[in-house]
Amino acid sequence: MSKYRGIEIRKLESSKGGMLHFFTAQASDETMLVQIPPNTIDDLFVHKTHTDQLLVVKGKFVIVSLLNKQYQYLPLSEDHPVMVIIPPGVLHGAINLSSEPVVLVNALLRHKPPVERDYIPQKRPFPYDLEAAKAALKNLEERKQVSSLA
């Protein structure tokens with residue numbers, strides 16, 4: 001488990017049965033399948049009533065978080081199955097720079113009844129650094145290549 005600017009990243013528990021690889025499901029109050037369209041640069045959101053628990057099923061993208069007037073770029077990919085936990089109060093958005101949609105599961109944990117303002121996008125106070133987002137994805141791919149050679 002590691003922390004990334006208020007966002008927690010957990011390795012998934014898994015087991016193999018024959019040729020199949022099983023990953024432990026996450027407890028949730030509501031589970032959603034989410035699609036991020038190709039070439040999407042999303043505005044920021046902050047949720048006050050729930051925690052997102054995200055797992056990429058198909059594709060790769062970058063979660064952007066804003067803390068202390070700095071963006072952080074967290075790359076996620078189907079090739080690196082991790083659970084990303086975004087607690088209430090963390091300003092975040094999504095960048096999908098690929099020509100393919102991204103599919104992820106959100107095993108949402110509700111702490112209070114939902115409020116409408118949790119789902120209203122907030123304008124970015126300054127532009128994202130798309131080169132930093134691309135570099136984060138490239139770094140993730142390079143780590144994958146190194147680990148497959150080991």
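Keep in mind that this is a model prediction, so the values were computed, not measured.

Analysis parameters
- Residues numbered from 1 in each chain as written.
- Predicted model: local features only at pLDDT ≥ 70, side-chain atom pairs only at ≥ 80, totals over all residues.
- Heavy atoms only, no water.
- Pairing = 2+ DSSP bridges.
- Helix = DSSP H or I, 4+ residues; strand = E, 2+ residues; numbered from the N terminus.
- Phe/Tyr/Trp six-rings, centres within 6.5 Å; stacked < 30°, edge-to-face > 60°.
- Buried < 20%, exposed > 50% of the residue type's maximum accessible area, 1.4 Å probe, protein only.
- Polar contact = N/O pair within 3.5 Å; in protein donor to acceptor, adjacent residues only side chain to side chain.
- Contact = heavy atoms within 4.5 Å.

A. Just the sheet that holds strand β6 (residues 40–41), in detail. One open sheet accounts for 4 strands, arranged β6-β11-β8-β9; its pairing is antiparallel. The open sheet has two edge strands with one neighbour each: β6 and β9 (70–77). Sheet topology note: the β6/strand β11 (residues 91–96) ladder contains 2 bridges and is antiparallel. Across the sheet, residue isoleucine 41 finds its bridge partner in β11, namely isoleucine 95.

B. Here's a closer look at the packing of aromatic side chains. According to the stated counting rule, one finds 3 aromatic pairs in the structure shown. Relative to tyrosine 73, the ring of tyrosine 71 has its centre 6.4 Å away and its plane inclined at 55°; by these criteria the two rings are tilted. Taken together, a centroid distance of 4.5 Å and an interplanar angle of 50° make the contact between tyrosine 71 and phenylalanine 126 tilted. Of this pair, tyrosine 71 sits in strand β9 while phenylalanine 126 sits in the loop between β12 (102–110) and α1 (130–149), and the two are 55 residues apart along the sequence. Overall, tyrosine 71 belongs to the buried group, its relative accessible area being 8%. Linked through ring pairs, Tyr71, Tyr73, Phe126 and Tyr128 together constitute an aromatic cluster.

C. Molecular detail of the side chain of serine 77. On the secondary structure map, serine 77 appears in strand β9. Of the residues examined, serine 77 reaches a relative accessible area of 4% and is grouped as buried. Here aspartate 79 takes part through its backbone nitrogen, which lies 3.0 Å from a polar atom of the side chain of serine 77.

D. Inspection of the side chain of threonine 49 at higher detail. Positionally, threonine 49 belongs in the loop between β6 and β7 (50–58). Not counting residues up to four positions away in its chain, the partners in contact with threonine 49 are Leu109, Arg110, His111, Lys112, Pro113, Pro114, Val115 and Asp118.

E. Geometry of unusual backbone geometry. Phi angles above zero are rare outside glycine, and asparagine 68 is one such case at about 55°. In this fold, asparagine 68 is placed in the loop between β8 (60–67) and β9. The backbone of lysine 69 shows a phi angle near 60°, a positive value even though the residue is not glycine. Structurally, lysine 69 can be placed in the loop between β8 and β9. Residue classification places lysine 69 among the exposed residues on the basis of a relative accessible area of 74%.

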